[in-house]
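Remarks on the overall topology
In case you want the letters, here they are:
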Amino acid sequence: MKQELEQLLLAALARLTGNVLPDPPAASAVAVERTRDAQHGDFATNLALRLAKAARRNPRELATAIVEALPASSLVARTEIAGAGYINYHLAPAPYARELAAIHSQGAAYGESRLGKGERVLVEFVSANPTGPLHVGHGRQAAYGATLANILSAVGFDVAREYYINDAGRQMDILTLSTWVRYLEGCGERLVFPENGYRGDYVRALAQKLAAAVGEELRRPAAAVLANLPADAPAGDKDAYIDALIERARELIGAQGFRRVLELALAEMLADIRGDLAEFGVVFDHWTSERAFAESGAIDHALAVLEASGRLHRQDGAVWFRATEFGDEKDRVVVRENGQKTYFASDIAYHLAKRERGFARLIDVLGADHHGYVARVRAGLIAMGQPGDCLEATLIQFVSLFRGAEKIPMGKREGQFVTLRQLRAEVGNDACRFFYLMRSHEQPLDFDLELAKARSNENPVYYIQYAHARVASVMKQLAARGLFFERVQGLAAHALLSGPQEQAVLRSLTRYPEIVEQAALNRAPHALAHYLRELANVFHTYYNAQGFIVDDTPLRNARLALVLGVQQVLRNGLALLGVSAPESM
RNA sequence: GCGCCCGUAGCUCAGUUGGAUAGAGCAUCAGGCUUCGAACCUGAGGGUCGGGAGUUCGAAUCUCUCCGGGCGCGCCA
């Protein structure tokens, strides 16, 4: 609808260009918007206000000229000029009826478009280190990333979902060591757990699995483990201590033994994360291992590309990337003095590889604490000859959990953070996903467990699901009365849908494709969540104002066609959000 | 110190190429079930859009400044 009105406007402007208007305005400037107030019609444009200066005419005069130049259309019942120079469109009934028929004929596909033109997009999200279970912050990133991918896919982008497994580097070594120390404890050795180790209970579970797999094969006496180590915190340096301990572990159980513990811990953690996400309705097309990526030589390839373009230099025994040439505040190390490549090197190589795999657009869904990192990776991409704007980062703000008014403390250090699994078990997947998505990702989220669990009017999830279930209930009632819905008659009788609530439902219903597009372009799934609430609201209002199962058969079928349209759109929207649409509740 | 994000009703938040009288939910108050599901609906009150200045026909939206909150600034990942 909206696009057709914009086409009409463009045609009008084309006619005026040369006489009334000096230059043809940019097509992107020609926009029609939904009105907020029904008094102003269905759609409006402020075009005359925008062009008035360039045309050197007063806005109302220009608006009159535009309206007179508009081609005739069956869409528009009438136009009027209002306020300072707005052009308001009052739509004819026909376009609404056509749109309702489209909902019925397209079903689950209604709302899809070809906006993205098949452009290949890689959405990378969650990518949490496999050193512990996912927590509630990852849950938000998972819900956001999965939903954004769904929405982009719906509007015609060719989307791939990817999880990057940070399975190389020191954090994995620390997890491995933590597991081994717990395993030794389980064997009966007495040692103090390192300050910098992973303290969560899940590490004990890993240790038990290890014991089940190897028995006491990897047991070493505590005295040998602890001999001649630097002091741990608080007296000493906890980083130096744990690095020494990792080194000691490698000496005592050998590189192979260490590797064996690492593989077991990694496999267990990944299985946990994968299962957790799958239960949450979040699935990935690719799980990319950093370790495998590094072993493939891809980092060396990226460094060679940088070297060839003259962006590297050596200083203090390390290799540096000249990030300052791209606006960064300082140059960045890519190969350390000890010969190890940095995380940054691996990450720009990874992003280069994404491009080389054929993705036009790279969307990284990151925690808000990563914001300083984006510019650097972009600089790396540009230095390697890639367009800087192909990389887009959406930063997801943090989640605070509340139980009513009481804030739940979260700290990895104490090992008492709330996991996504715990959260889902407590409030359920539907409420969980909806609560994550109903706020802008740019806004810190206060997640109230009591509210999410409440089966009450305070809970917006049920409000929307209830509308869906109510329609299902109406259809059951219809069957119970021995009646049947006649779709063809219902759609043909659209002229009977003239009541104010019916008009409001039609207006809201037909906004859906626009909302999906807007949510996609703005990377804003929450816009869809808000819309669904509004649609549920106009439906509930209609439900309370009118009976649907009336004796007048054409009227009954027209109303049923309308509410079935509402049900379809609710179902489609909830599907994008990853929330179920129950027939009864 | 430098950088990024945020500040809108009592509370939680929508409000994106600047646009008409700034909107929802919750809470409060007043109403609505003999009817297809009351997990619903109708109505009312509630605002210096953090403060100030600027840009212009027009600013919650753009710019500057100040105040307040969150987060980043490693040869860690």
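Located above this text is the structure these notes cover.
Residues numbered from 1 in each chain as written. Chains lettered and ligands numbered in written order. Predicted model: local features only at pLDDT ≥ 70, side-chain atom pairs only at ≥ 80, totals over all residues. Heavy atoms only, no water.

1. Focus: the nonpolar core
One finds Ile66, Tyr436 and Phe447 to be the most contacted residues of the largest nonpolar core, which totals 158 residues. Residue contributions to this core peak at 16 residues, all from helix 9 (residues 238-279). In this structure, Leu303, Val334, Phe344 and Val377 belong to the second largest nonpolar core, which totals 32 residues. (Core = buried A, V, L, I, M, F, W, Y, C linked by side-chain atoms within 4.5 Å. Buried < 20%, exposed > 50% of the residue type's maximum accessible area, 1.4 Å probe, protein only. Helix = DSSP H or I, 4+ residues; strand = E, 2+ residues; numbered from the N terminus.)

2. Topic: the environment of isoleucine 408
Checked against the element boundaries, isoleucine 408 lands in the loop between strand 14 (406-407) and helix 14 (420-427). Each C-alpha atom, one on isoleucine 408 and one on aspartate 328, is 38 Å from the other, the two residues being 80 residues apart in sequence. Filtering out sequence-adjacent residues up to four positions away, isoleucine 408 remains in contact with Leu401, Phe402, Arg403, Val418 and Leu449. (Contact = heavy atoms within 4.5 Å.)

3. Let's talk about the protein's contact with RNA strand B
Taken together, 64 residues sit near RNA strand B, with Arg36, Tyr463, Tyr466, Ser473 and Gln546 positioned nearest. Close to the protein, within 4 Å, the atoms of RNA strand B are drawn from sugar and phosphate at a rate of 63%. Tyrosine 463 is positioned with one of its side-chain polar atoms (N or O) 2.2 Å from a phosphate oxygen of RNA strand B. In the environment of RNA strand B, a sugar or linking oxygen lies 2.7 Å from a nitrogen or oxygen atom belonging to the side chain of asparagine 544. Secondary structure elements with two or more residues in the surface near RNA strand B: helix 2 (47-55), strand 4 (86-91), helix 6 (170-187), strand 9 (318-321), helix 13 (371-383), helix 17 (460-480) and helix 21 (525-545). (Near = heavy atom within 4 Å. Polar contact = N/O pair within 3.5 Å; in protein donor to acceptor, adjacent residues only side chain to side chain.)

4. Points about the pattern of salt bridges
This structure, assessed with the given rule, holds 39 salt bridges. Close ionic contact of glutamate 124 with lysine 354 constitutes a salt bridge, the shortest N to O distance being 2.7 Å. Of this pair, glutamate 124 sits in strand 5 (residues 120-124) while lysine 354 is found in helix 12 (residues 343-356), placing the two residues 230 residues apart along the sequence. A relative accessible area of 8% means that glutamate 124 is categorised as buried. Lysine 354 sits in the buried class, given a relative accessible area of 0%. Put simply, arginine 523 and glutamate 392 hold a salt bridge, and the shortest N to O gap is 2.5 Å. A residue pair is termed long-range when its members are at least 10 positions apart, and arginine 523 in the loop between helix 20 (512-521) and helix 21 and glutamate 392 in strand 12 (residues 391-396) qualify at 131 residues. Its relative accessible area of 17% is what places glutamate 392 among the buried residues. Taken together, the salt bridges that share partners define one network made up of Asp272, Asp276, Glu279, Arg421 and Arg424. (Salt bridge = Lys/Arg side-chain N within 4 Å of Asp/Glu carboxyl O.)

5. Examining the sheet that holds strand 1 (residues 33-34)
One open sheet holds the four strands; their spatial order is 1-2-4-3, and the pairing between them is antiparallel. Only two strands of the sheet have a single neighbouring strand rather than two, namely strand 1 and strand 3 (76-82). One ladder, built from six bridges, connects strand 3 with strand 4; its direction is antiparallel. Counterpart to alanine 82 in the pairing with strand 4 is tyrosine 86. Of the strands in this sheet, strand 3 and strand 4 touch helix 3 (residues 59-69), which is tilted by about 165° from strand 3. (Pairing = 2+ DSSP bridges. Axes fitted to C-alpha atoms, helices over the stretch in contact; angles between N-to-C directions.)

6. Things to note about unusual backbone geometry
The omega angle of the peptide bond from alanine 233 to proline 234 is 5°, so this bond is cis rather than trans. With respect to the helices and strands, proline 234 occurs in the loop between helix 8 (222-226) and helix 9. For valine 126, which is not glycine, the phi torsion reads 65° and is therefore positive. Note on placement: valine 126 falls in the loop between strand 5 and helix 5 (136-154).

7. A word on helix 9
End to end, helix 9 covers just 37 Å across 42 residues, shorter than the expected 62 Å (1.5 Å per residue, more than 12% under). In the structure, helix 9 departs most strongly from a straight axis at glycine 254, where the bend amounts to approximately 105°. Capping the start of helix 9, aspartate 237 holds a side-chain oxygen 2.8 Å from the backbone nitrogen of aspartate 239, two or three residues further along. Glycine 281 occupies a position one or two residues after helix 9 and carries a positive phi of about 80°. (Expected span 1.5 Å × (residues − 1). Bend = angle between axes of the 7 residues up to and from the residue.)

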